[in-house]
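Chain residues, written in single-letter form:
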Amino acid sequence: MTYHINVSKTNIKEFIAIMHQLSSLGVVESINSTKDLVTEGEKLDADTLNNILNNSREEIKDGKSFSMEDVKKQINSWKRK
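Keep in mind that what you see is a predicted model, and the values were worked out from it rather than measured. (Residues numbered from 1 in each chain as written. Predicted model: local features only at pLDDT ≥ 70, side-chain atom pairs only at ≥ 80, totals over all residues. Heavy atoms only, no water.)

S.K.: So what exactly am I meant to see when it comes to the overall build of the protein here?
M.R.: The secondary structure content of the protein amounts to 4 helices and 0 strands. Expressed as a percentage of the 81 residues in the protein, the buried residues total 6%. Carbon together with sulfur atoms contributes 53% to the accessible area of the protein, which is approximately 7500 Å² in total. (Helix = DSSP H or I, 4+ residues; strand = E, 2+ residues; numbered from the N terminus. Buried < 20%, exposed > 50% of the residue type's maximum accessible area, 1.4 Å probe, protein only. Areas by Shrake-Rupley, 256 points an atom, 1.4 Å probe, with all protein chains shown as cover.)

S.K.: What is the right way to look at the side chain of E59 in this model?
M.R.: The topology assignment puts E59 in helix 3 (residues 46–61). Of the residues examined, E59 reaches a relative accessible area of 10% and is grouped as buried. In contact with E59, other than residues within four places in its own chain, are M1, T2, K64 and S65. (Contact = heavy atoms within 4.5 Å.)

S.K.: I'm lost on a nonpolar patch on the surface in this one. Help?
M.R.: Together, M1, Y3, I5, I18, F66, M68, V71, I75 and W78 make up a nonpolar patch on the protein surface, roughly 870 Å² of accessible area in all. Along the chain, M68 falls in helix 4 (residues 68–80). Here M68 falls in the exposed class, since its relative accessible area comes to 57%. (Patch = residues over 30% accessible without salt bridge, like charges linked within 9 Å, V, L, I, M, F, W, Y side chains within 5 Å. Salt bridge = Lys/Arg side-chain N within 4 Å of Asp/Glu carboxyl O.)

S.K.: I'm lost on the confidence of the model for the protein in this one. Help?
M.R.: Residues shown with low pLDDT carry predicted positions that ought not to be read at fine detail. Here the protein shows a mean pLDDT of 79. Residues at 70 or above account for 86%. Looking across the protein, the model is least confident in helix 2 (residues 34–37), with a mean pLDDT of 57, and most confident in helix 1 (residues 12–24), with 87. (pLDDT = per-residue confidence, 0-100.)

Written out as structure tokens, the structure reads:
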């Protein structure tokens, strides 16, 4: 399952630390930034964008999504650990 997360620039270090912990636990298979998709200033072609959107729609339709409330609860549980 793929997620697209917009991380505040002021919290990147904390986010990366959490993601590395999740990766070491086997929860996260890989971590890529949008910089890995395209370079800044490079246009994202329509086929790539459509593939991303279609894949996201399929995952949502298959129930592979979380509500914002679920995400907030999960983050709060990580903070308590």
